[in-house]
Amino acid sequence: MTESEQARIKAAKAAVKAKELEWSNALRSGCSPSRTQLAKTDIEKFLRENLTEDFTNIDYLGQLRTKKDDIKNCVGGDYKVKSLTKPVFVRVSIYGRCAVVVGKDEIDATFNGQPVGGKYIWTDTWVKSGRKWQCAAHQGSKL
C-alpha cells in the first residue's frame, strides 16, 4: 500500500470516528428527558444530514426502523436517553468509499416508556457521497 493510500485510509477513519462521536453527542443532548428546543433541533438536523435516505436501523429486538422513524422517535420524544457513554471503537475498516464501524457503549434509555438501556455492541455502515460520509445502516446487539 502506498503512503498516499495509507494517508487516505487514516483520514477516512478519523472522519468516520468524528461522525460517530457527533452522533453520540447529538443523541445524548437531543434525546435527553430535559432537552432544550435547540438540542431537539440539533438531533433532527444531524439525522437528516447524516443518514442516507434509505437508512436502515435494526435494534436489539430485531425491529426495523427507517430514517423517518428514527427522526420521529428522537424528535417526538418517544426515545429518551438519560445517559450514554462515549463510544469505544472496536474496529473501523475502510473499503474504498465505504466504512464499517464496530463499537460499544452503554446507555440508560427508554423507548415508549419501556427501558431499553444496557451495554451494546453495534455496527454502522457508512458510505461516502462526494465529500460527505453518511450512515446507511445501523445494527445494535445487547451484551
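Since the structure is predicted, the reported quantities are computational estimates derived from the model, not experimental observations.

Attention now goes to the overall build of the protein. Across its full length, the protein carries three helices and eight strands. In sequence order, the secondary structure elements of the protein are arranged as α-α-β-β-α-β-β-β-β-β-β. For 143 residues, the compact-globule formula gives about 15 Å, and the C-alpha radius of gyration of the protein, at 15 Å, lands near that figure. For the protein, the spread of C-alpha atoms along the three principal axes comes to 50 × 30 × 25 Å. Counting only residues that meet the buried cut, the protein has 40% of its 143 residues in that class. One finds the centroid of the 25 positive side-chain charges in the protein at a distance of 2 Å from the centroid of its 17 negative side-chain charges.

This paragraph deals with helix α1 (residues 3-30). Helix length check: α1 (28 residues) gives 40 Å between terminal C-alpha atoms against 40 Å at 1.5 Å per residue, within 8%. When we look at burial in α1, the residues that qualify are Ile9, Ala12, Val16, Lys19, Glu20, Trp23, Ser24, Ala26, Leu27 and Gly30.

Further remarks concern the packing of aromatic side chains. Scanning the model with the defined rule gives four aromatic pairs in all. Ring geometry for Trp23 versus Phe55: centroids 6.4 Å apart, planes at 65°, classification edge-to-face. Taken together, the residues span a long stretch of sequence, with Trp23 in helix α1 and Phe55 in strand β1 (residues 51-58) at a distance of 32 residues. Each member of the pair, Trp23 as well as Phe55, is classed as buried. Judged by centre distance (6.0 Å) and plane angle (90°), the ring pair of Trp23 and Trp126 falls under edge-to-face. With a gap of 103 residues between them, Trp23 in helix α1 and Trp126 in strand β7 (residues 118-129) connect regions that are remote in the sequence. One exposure class covers both Trp23 and Trp126, and it is buried. A network of ring pairs unites the aromatic residues Trp23, Phe46, Phe55 and Trp126 as a single cluster.

Criteria and thresholds
Residues numbered from 1 in each chain as written. Predicted model: local features only at pLDDT ≥ 70, side-chain atom pairs only at ≥ 80, totals over all residues. Heavy atoms only, no water. Helix = DSSP H or I, 4+ residues; strand = E, 2+ residues; numbered from the N terminus. Rg over C-alpha atoms; globule rule 2.2 N^0.38 Å. Buried < 20%, exposed > 50% of the residue type's maximum accessible area, 1.4 Å probe, protein only. Lys, Arg positive; Asp, Glu negative; His and termini not counted. Charge placed at Lys NZ, Arg CZ, Asp CG, Glu CD. Expected span 1.5 Å × (residues − 1). Phe/Tyr/Trp six-rings, centres within 6.5 Å; stacked < 30°, edge-to-face > 60°.

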